[in-house]
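Each chain is listed here by its residues.
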Amino acid sequence: LFKECATMTGGFFGAGEGGIDVLCADAFAYMLQVDIDLTPEKAELNRGEEYTATAVVFRGGDPVAYPLEGQEIMISVVEGPNTGETITAPADTIGQVALTYTGDGGPGIDVVVAESIHTGTGTALTDTSWVEWINTPPTCEAGGPYEAVVTADTAYVTLDASESSDADGDSLTFTWSVKCEKTTWLDDATSATPVLGITGDCLCVESFVVELVVSDGYDETTCEAEVTINDMRPPVDPGGSRTPGRDCPDRRDRTGAGTGR
């Protein structure tokens, strides 16, 4: 009966074998000690996932036995990529308030603070936790391998990075470069599907590499693809004459199309 009365009135009820000294200590702790606890203390999540921070306010050092139902609690992200996420609400029947949000503010560490007021003294109660948001680097796909079929002094190949992706759903940017630089060009080195032009000495190799850098705004990933030269131009005249701009220094008379050397 006394226990039920204490529960209904918010008072303290204690019983046990510890004697009056222990009961008095428990009673004073109940009356004077109010705590706030924020969990989890630390967390690590991928960007875009959902996170929940839970605060509980309680008396007497025992959140299970003495939760403070109705106690106002504020939980806020005070620093980090998701600064501004907040909730203020009265504690439920087990003394808890929860803040749930999605980590869509970018990579970094959120500092989360729970605050309440000591019901007896009016002093502020606080607890802090941290959540680190991890960025997943983009997946880089340069396409290929590509074949440049050469029938004239200039050949063209369309590169394709459209299979590149980002697990966090970020927009991607592209930067292409060509290992055979002197006689190649790109119509737009920042496009996902640029056109590569090839002429001169770069038509006189068996192959060369194109490199792609994909960025999600936070991290970069690099990949590459091979461009093979398939020289279909007529062979050099056996008499030694050459067609300016159309044959390679080391080409020899040959009887058909093939891969340039």
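Residues numbered from 1 in each chain as written. Predicted model: local features only at pLDDT ≥ 70, side-chain atom pairs only at ≥ 80, totals over all residues. Heavy atoms only, no water.

1. Quick word on the confidence of the model for the protein
A low pLDDT score tells you not to read the predicted coordinates there in detail. Mean pLDDT for the protein: 85, with 78% of residues reaching 70 or above. Taken together, the stretch residues 240-245 has pLDDT below 50 and engages in nine contacts with residues farther than four places along the chain or on a different chain. Across residues 251-261, confidence stays below pLDDT 50; counting only partners more than four residues off in sequence or on other chains, it has 31 contacts. (pLDDT = per-residue confidence, 0-100. Contact = heavy atoms within 4.5 Å.)

2. A look at the pattern of salt bridges
Across all of its chains, the model carries four salt bridges by this definition. Linking aspartate 168 and arginine 47 is a salt bridge whose minimum nitrogen-to-oxygen distance equals 3.3 Å. With a gap of 121 residues between them, aspartate 168 in the loop between strand E10 (154-158) and strand E11 (173-178) and arginine 47 in the loop between strand E2 (42-46) and strand E3 (50-59) connect regions that are remote in the sequence. Like arginine 47, aspartate 168 is buried. Ionic contacts of the salt-bridge type, sharing partners, join the residues Arg47, Asp168 and Asp170 into one network. (Salt bridge = Lys/Arg side-chain N within 4 Å of Asp/Glu carboxyl O. Helix = DSSP H or I, 4+ residues; strand = E, 2+ residues; numbered from the N terminus. Buried < 20%, exposed > 50% of the residue type's maximum accessible area, 1.4 Å probe, protein only.)

3. Examining the state of the cysteines
With the rule as written, the count across this model stands at two disulfides. Paired by a disulfide, cysteine 140 and cysteine 223 hold their sulfur atoms 2.0 Å apart. As the torsion about the S-S bond is roughly -65 degrees, the cysteine 140-cysteine 223 disulfide counts as left-handed. Of this pair, cysteine 140 sits in the loop between strand E8 (124-134) and strand E9 (146-150) while cysteine 223 sits in strand E15 (residues 220-231), placing them 83 residues apart in sequence. Comparing cysteine 140 with cysteine 223 shows no difference in burial state: the two are buried. Between the sulfur of cysteine 180 and that of cysteine 202 lies a disulfide, 1.9 Å long from S to S. With the S-S dihedral at roughly -100 degrees, the linkage between cysteine 180 and cysteine 202 falls on the left-handed side. On the criterion of sequence distance, the pair formed by cysteine 180 in the loop between E11 and strand E12 (184-186) and cysteine 202 in the loop between strand E13 (195-199) and strand E14 (207-215) is long-range, its members being 22 residues apart. (Disulfide = S-S within 2.5 Å.)

4. Observations regarding the pairing of strand E5 (residues 86-90)
When strand E4 (residues 72-79) meets E5, the two strands line up antiparallel, connected through five bridges. Each residue of the ladder has a partner; that of glutamate 72, found in E5, is proline 90. In textbook terms, the turn of a hairpin is the stretch between consecutive antiparallel strands, and for E4 and E5 this stretch comprises six residues, one of which, glycine 80, has a positive phi near 120 degrees. (Pairing = 2+ DSSP bridges.)

5. A word on the nonpolar core
Counting 25 residues, the largest nonpolar core has Trp176, Leu196, Ile198, Phe208, Val210, Leu212 and Val227 as its most contacted members. Of all the secondary structure elements, the ones that give two or more residues to this core are E9, E10, E11, E13, E14 and E15. Setting aside residues up to four positions removed in sequence, phenylalanine 208 forms contacts with Val178, Cys180, Thr184, Leu196, Ile198, Cys202, Ala225, Glu226, Val227 and Ile229. Counting residues in each nonpolar core, the second largest holds 22 residues, with Tyr51, Ala89, Ala91 and Trp133 among its members. (Core = buried A, V, L, I, M, F, W, Y, C linked by side-chain atoms within 4.5 Å.)

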